[in-house]
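# Fold and geometry: a report
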Amino acid sequence: MLKSRLLGLTIVALGTWGLGTAMTTTTAQAAKWHAGTPKVLRGTYAMHKKDALGEKPNLKFTATKLTLQLNPPTVADHLSKVSYRKINAHTYYLKGHYLSSGVLYVKAIYSPKAQQKRLKIQEGFLDGQHIKWSPQHAMGWFYQK
């Protein structure tokens, strides 16, 4: 009787510990910067509306680069040597080298709910150890071509 009760308590304790461990486990990948762009974002996105300059910009994600292309074509702005960090299921922080101005940060909010994938972009900069997001540099929704 004592052995069966002790065995029952041991099973309950191990089960509770295992459930608690499974519920509190977090992925270590969220805090790490990964080289390149996320595979889920790769491709070309177009804005449906014209921007403030009267142009319809395109975004193009390749394995290592993020390019902003304007219509009509002009000199394309791009981030090279891109790395990313996944923040949650649909938000990524990207950082890369922008011309000679150094490192630029980009927040990409990805929405797979619509029939077309869509993406919202916002620029940011590093202020000490925290990224400050610039509300005046938030672009509208881009839709995947």
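Note that the structure is a prediction, hence the values are computed from the model and not measured.

### Considering the overall build of the chain
- Along the backbone of the chain there are one helix and nine strands.
- Ordering the α and β elements of the chain from the N terminus gives α-β-β-β-β-β-β-β-β-β.
- Approximately 10000 Å² of the chain is accessible, and the part contributed by carbon and sulfur atoms is 60%.

### What to know about the environment of Gly43
- For Gly43, the location among the structural elements is in strand E2 (residues 43-47).
- For Gly43, a relative accessible area of 22% puts it in the partly exposed group.
- For Gly43 and Ala63, which are 20 residues apart along the polypeptide, the C-alpha to C-alpha distance reads 9.4 Å.
- Dropping the residues within four chain positions of it, Gly43 is found in contact with Leu59, Lys60, Phe61 and Gln144.

### Structural notes on the packing of aromatic side chains
- Evaluated as defined, the whole model comprises four aromatic pairs.
- An angle of 85° between the planes, with centres 6.0 Å apart, marks the rings of Tyr45 and Phe61 as edge-to-face. Of the two residues, Tyr45 sits in strand E2 while Phe61 sits in strand E3 (residues 58-61), which places them 16 residues apart along the sequence.
- When the ring centre of Trp33 is taken as origin, the NZ or CZ atom of Lys95, which lies over that ring, is 4.6 Å away.
- When the ring centre of Trp141 is taken as origin, the NZ or CZ atom of Arg118, which lies over that ring, is 3.9 Å away.

### A look at the pairing of strand E7 (residues 103-111)
- For E7, the buried fraction is high: seven of the nine residues fall into the buried class.
- In this structure, E7 lies alongside strand E8 (residues 118-127), joined through seven bridges in antiparallel fashion. Looking at the pairing, Tyr110 lines up with Leu119 of E8.

### Re the environment of Asp51
- One can find Asp51 in the loop between E2 and E3.
- Accessibility expressed as a relative area gives 25% for Asp51, which makes it partly exposed.
- When the C-alpha atoms of Asp51 and Gly140 are compared, they prove to be 8.6 Å apart, with 89 residues separating the residues in sequence.

Basis of the calculations
Chains are numbered independently. Their residues run from 1 in the order of the written sequence. Only residues with pLDDT of at least 70 are given local features in this predicted model, and only at 80 or more are side-chain atom pairs given and counted; all residues enter the totals for whole chains, interfaces and linings. No hydrogens and no water enter the side-chain calculation; it runs on all heavy atoms of the structure. In this text, helices come from DSSP runs of H or I with a minimum length of four residues, and strands from runs of E with a minimum of two, each type numbered from the N-terminal end. Only the protein chains shown count as cover for residues, and the accessible areas themselves come from Shrake-Rupley with a 1.4 Å probe. Each residue is assigned to one of three classes by its accessible area relative to the maximum for its type, calculated with a 1.4 Å probe on protein chains only: buried under 20%, partly exposed between the two thresholds, exposed over 50%. Throughout, a residue-residue contact means that at least one pair of heavy atoms, one from each residue, lies within 4.5 Å. The aromatic pairing rule takes the rings of Phe, Tyr and Trp, using the six-membered ring of Trp, and pairs them if the centres are within 6.5 Å, calling planes under 30 degrees apart stacked, those over 60 edge-to-face and the rest tilted. Whether a charge sits over a ring depends on NZ of Lys or CZ of Arg being within 6 Å of the ring centre and within 35 degrees of the ring normal. Pairs of strands are assigned from DSSP output, requiring at least two bridges between the strands.

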